[in-house]
Amino acid sequence: QVQLVESGGGLVQPGGSLRLSCAASGSIFSINFMAWYRQAPGKQRELVASVTSGGKTNYADSVKGRFTISRDLAKNTVSLQMNTLKPEDTAVYYCNAVHLLTSYWGKGTLVTVSS
C-alpha cells in the first residue's frame with residue numbers, strides 16, 4: 001500500500017505561481033512512476049506531468065514551458081512547480097504513483113486561478 005498526501009493548492013492570480021507537493025508513505029520502494037493529474041469541473045481527469053524513477057519527465061502540451069515536475073527520492077516526494085498560471089489551469093490536482101503495477105491516488109488539492 002502507498003499513501004499519497006498533496007499540499008500547496010490555493011487561489012492565485014493569473015500569471016502567478018504555485019508549488020504543489022506530494023508526500024508518499026507506506027510501501028514506497030519500487031515506485032517507478034509518479035505523476036500529477038488534474039480534473040476541471042465538467043471535464044475528464046488529464047495527465048499534467050509525470051516522472052519516472054530514472055528521471056524521465058513528460059508534460060501535457062498545455063503546460064510545457066510553464067510547469068516543472070521534480071522528484072526527491074530521499075524525501076519520497078514529488079513536486080509540481082507551476083508558473084505563469086492561467087484561468088484554464090483551475091482544477092483539482094491529484095498526485096499519482098504506480099507501485100508494483102497498482103495505481104495509487106491522493107485526495108487532491110484545489111488550484112484556483114482567478115483575479
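None of these values were measured; they are calculated from a predicted model. (Residues numbered from 1 in each chain as written. Predicted model: local features only at pLDDT ≥ 70, side-chain atom pairs only at ≥ 80, totals over all residues. Heavy atoms only, no water.)

A.B. asks: How should the overall build of the chain be read in this particular structure?
C.D. replies: For the chain, the helix and strand inventory stands at zero helices and eleven strands. Here the C-alpha radius of gyration of the chain, 13 Å, is about what a compact globule of 115 residues would show, namely 13 Å. Referenced to the eigenvectors of the C-alpha coordinate spread, the extents of the chain come out at roughly 40 × 25 × 25 Å. Within the span of the chain, comprising 115 residues, buried residues form 40% of the whole. For the chain, the share of sequence-separated contacts (at least 6 apart) that also reach a separation of at least 24 residues comes to 53%. (Helix = DSSP H or I, 4+ residues; strand = E, 2+ residues; numbered from the N terminus. Rg over C-alpha atoms; globule rule 2.2 N^0.38 Å. Buried < 20%, exposed > 50% of the residue type's maximum accessible area, 1.4 Å probe, protein only. Contact = heavy atoms within 4.5 Å.)

A.B. asks: What exactly am I supposed to notice about the state of the cysteines here?
C.D. replies: Every disulfide links exactly two cysteines, by a covalent bond between their sulfur atoms. With the rule as written, the count across this model stands at one disulfide. The disulfide partner of Cys22 is Cys95, and the gap between their sulfur atoms is 2.1 Å. Negative torsions about the S-S bond denote left-handed disulfides, and the value of about -85° found for Cys22 with Cys95 makes this one left-handed. With Cys22 in strand S3 (residues 18-26) and Cys95 in strand S9 (residues 91-99), this residue pair connects regions lying 73 residues apart in the sequence. Using a relative accessible area of 0% as the deciding quantity, one classes Cys22 as buried. What makes Cys95 buried here is its relative accessible area of 0%. (Disulfide = S-S within 2.5 Å.)

A.B. asks: Could you clarify how one ought to interpret the pairing of strand S11 (residues 109-113) in this entry?
C.D. replies: On any regular strand, side chains alternate: one points to one face of the sheet, the next to the other face. In S11, alternate side chains face the same way, and those of Thr109, Val111 and Val113 are buried while those of Leu110 and Thr112 on the opposite face are not. The pairing of strand S2 (residues 10-12) with S11 spans three bridges and is classified as parallel. Bridge pairing in S11 places Leu11 opposite Thr112. Where S9 lies against S11, three bridges are found, and the strand directions are antiparallel. Bridged to Val92 within S11 is Leu110. (Pairing = 2+ DSSP bridges.)

A.B. asks: Please explain the nonpolar core as it appears in this structure.
C.D. replies: Considering soluble globular proteins, one finds that nonpolar side chains tend to be buried as a cluster. The biggest cluster of nonpolar side chains holds 31 residues, and the ones touching the most others in it are Leu4, Met34, Trp36, Leu80, Met82 and Tyr93. Those elements giving two or more residues to this core turn out to be strand S1 (2-7), S3, strand S4 (31-39), strand S5 (46-52), strand S7 (67-72), strand S8 (77-82), S9 and S11. Beyond its immediate chain neighbours, meaning those up to four positions away, Met34 contacts Leu4, Cys22, Ala24, Ala49, Ser50, Val51, Ile69, Arg71, Val78, Cys95, Asn96 and Ala97. (Core = buried A, V, L, I, M, F, W, Y, C linked by side-chain atoms within 4.5 Å.)

A.B. asks: What am I meant to see in the environment of Trp105 here?
C.D. replies: The residue Trp105 is located in strand S10 (residues 102-105) in this model. Under the relative-accessibility criterion, Trp105 is labelled partly exposed at 38%. Between the C-alpha atom of Trp105 and that of Phe67, which follows or precedes it by 38 residues, the distance is 20 Å. In contact with Trp105, not counting residues within four places along its chain, are Leu4, Tyr37, Arg45, Tyr94, Cys95 and Asn96.

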